[in-house]
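For reference, the chains in residue letters:
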Amino acid sequence: MAEESRPAFAAERRERILELVRANGTMSLRDIAAKVRASEVTVRRDVRALEAEGVVDRRRGGVALPGRIGHEQSYAGKSGQCAAEKAAIAVAAARLVRPGDAISIGPGSTAEAFAKELLTRHDLTVVTNSLRVADVLAEAARVEVVVTGGTLHGPIRALVGAAAEVSLSGLRVNRAFLSGNGVSADRGLSTPNPAVASVDRALAACADETIVLADHTKIGADTMVPTVAPEEIAHLVTDSSADPEVLMTLEELGALVHVAVVADERGE
């Protein structure tokens, strides 16, 4: 009887995995395992079966719907994913900001978490095209915030277009802090949207060095439009679940990798 029940349970679990991926666009194996209350080994086996049916694509450390390389997930869809990892990345990234710095910050939920870590800083200037980042830093009494012009790109609450790029062209900042949808050793940082990518490149171009903020689900992933070449990434801040092979290759290309420790990994 137990043997007869196992295929049915597996089928139900795989249907649940498919529902999760459809709802979130992309998910890490660890997050799926937590949601379906199964081991990552079991989930990996389920994902292989679903990929064989053509309903999902495997990614390094995660899974996505087929053809998601050009898909841009909504801000609401991204903000709840890997929240603990993003918070830890934000804390680690904030250590790279020095008094007197002028920095640029791109859009994204990880960038928003990073901005929250800057609220108590002083003698700091932040240039951003992210309305979320600007809104967070509006509460920082001693941080000067410069917002680009541009056209609102709703899914990630970012200003894009020629006006945004022109407003950045004459600026110089110490560091650019950028997030995206994928970071690979072959193509570096990438995003699904060409307009977002153009402004990301402008944010990086006005900085002395570029710092990429990416949780483990982005490491090894690749999306449609490259923004920062791998050899141009000065620092990569990620979490301990990131693929070590990709991190090692990026280090060989010159990136200084910072691995943030999530609160529950410290026993908090």
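Because the structure is a prediction, the values reported are computed rather than measured. (Residues numbered from 1 in each chain as written. Predicted model: local features only at pLDDT ≥ 70, side-chain atom pairs only at ≥ 80, totals over all residues. Heavy atoms only, no water.)

**Some remarks on the overall build of the protein**
No. 1: The secondary structure content of the protein amounts to ten helices and 15 strands.
No. 2: Carbon together with sulfur atoms contributes 51% to the accessible area of the protein, which is approximately 12200 Å² in total. (Helix = DSSP H or I, 4+ residues; strand = E, 2+ residues; numbered from the N terminus. Areas by Shrake-Rupley, 256 points an atom, 1.4 Å probe, with all protein chains shown as cover.)

**Side note on the pairing of strand S15 (residues 256-260)**
No. 1: Relative to S15, strand S14 (residues 233-239) is paired through five bridges, and the arrangement is parallel. Residue pairing for S15: Asp239 is matched across the bridge by Ala260.
No. 2: Tracing the backbone out of S14, into helix H10 (residues 244-252) and back to the parallel element S15 gives a crossover that is right-handed. (Pairing = 2+ DSSP bridges. Right-handed = clockwise from strand over helix to strand, strands pointing away.)

**Section: helix H5 (residues 83-94)**
No. 1: Here H5 is twelve residues long and its end C-alpha atoms lie 17 Å apart, about the 16 Å a rise of 1.5 Å per residue gives.
No. 2: Within H5 the residues assigned to the buried category are Glu85, Lys86, Ala88, Ile89, Ala90, Ala92, Ala93 and Ala94. (Expected span 1.5 Å × (residues − 1). Buried < 20%, exposed > 50% of the residue type's maximum accessible area, 1.4 Å probe, protein only.)

**Regarding the confidence of the model for the protein**
Detailed reading of predicted coordinates is not advised where the pLDDT is low.
No. 1: In this model, the protein carries an average pLDDT of 88, and 89% of its residues clear a pLDDT of 70 or more.
No. 2: Ignoring residues within four places in sequence, the model shows residues 1-7, a span with pLDDT below 50, making zero contacts including any to other chains. (pLDDT = per-residue confidence, 0-100. Contact = heavy atoms within 4.5 Å.)

**Looking at unusual backbone geometry**
Excluding glycine, a negative phi dihedral is what most residues carry, and trans is how most peptide bonds are arranged.
No. 1: If you check the backbone angles, Arg37 has positive phi at about 60° while not being a glycine.
No. 2: Relative to the helices and strands, Arg37 is located in the loop between helix H2 (29-36) and helix H3 (40-52).
No. 3: Residue class for Arg37 comes out exposed when judged on its relative accessible area of 80%.
No. 4: Not every positive phi belongs to a glycine, and Arg157 is a case in point at roughly 55°.
No. 5: Owing to a relative accessible area of 35%, Arg157 belongs among the partly exposed residues under this scheme.

**Section: the packing of H5 against helix H6 (residues 109-116)**
No. 1: Running from N to C, H5 and H6 point in directions that differ by 55°, and their axes come no closer than 8 Å. Between H5 and H6, the interaxial angle falls into the category oblique. Two packed elements cross with a definite hand, and for H5 against H6 that hand is right-handed. Within the contact between the two elements, H5 uses Lys86, Ile89, Ala90, Ala93 and Ala94 and H6 uses Ser109, Thr110, Ala113 and Phe114.
No. 2: Counted by class, the contact of H5 with H6 contains six nonpolar, two polar and one charged residues. (Axes fitted to C-alpha atoms, helices over the stretch in contact; angles between N-to-C directions. Parallel < 35°, antiparallel > 145°, perpendicular 65-115°, else oblique. Left-handed = near helix turned anticlockwise from the far one by under 90°. Nonpolar A, V, L, I, M, F, W, Y, C, P; charged D, E, K, R; others polar.)

**As for the pairing of strand S9 (residues 173-178)**
No. 1: Counted residue by residue, S9 has five buried out of six residues, so it is predominantly covered.
No. 2: The sheet contact formed by strand S4 (residues 102-105) and S9 spans three bridges and is parallel. Among the inter-strand pairings, Ile103 is bridged to a residue of S9, identified as Arg175.

**Quick word on the sheet that holds S4**
No. 1: Across the sheet, seven strands lie side by side as S6-S5-S4-S9-S12-S14-S15; this open sheet has parallel pairing. Here the strands that pair on one side only, and so sit at the sheet edges, are strand S6 (143-147) and S15. Neighbour to neighbour, the strand axes of the sheet diverge by 20° on average, direction disregarded.
No. 2: As defined by bridge partners, S9 adjoins strand S12 (residues 207-213) across five bridges and the pair is classed as parallel. Looking at the pairing, Arg175 lines up with Glu209 of S12.
No. 3: Contacts between helix H9 (residues 194-205) and the sheet are confined to S4, S9 and S12, with S9 contributing the most and set at about 150° to the helix.

**Quick word on the sheet that holds strand S3 (residues 62-64)**
No. 1: Judged by pairing direction, the sheet is antiparallel, and its three strands sit side by side in the order S1-S3-S2 without closing on themselves. Edge positions in the sheet fall to strand S1 (26-28) and strand S2 (57-59), since each of these pairs with one other strand and no more. For this sheet the average axis-to-axis angle between neighbouring strands, irrespective of direction, equals 25°.
No. 2: In terms of strand pairing, S2 meets S3 through three bridges, oriented antiparallel. Among the inter-strand pairings, Asp57 is bridged to a residue of S3, identified as Ala64.
No. 3: Across the sheet, H2 is in contact with S1 and S3; its angle to S1 comes to roughly 85°.

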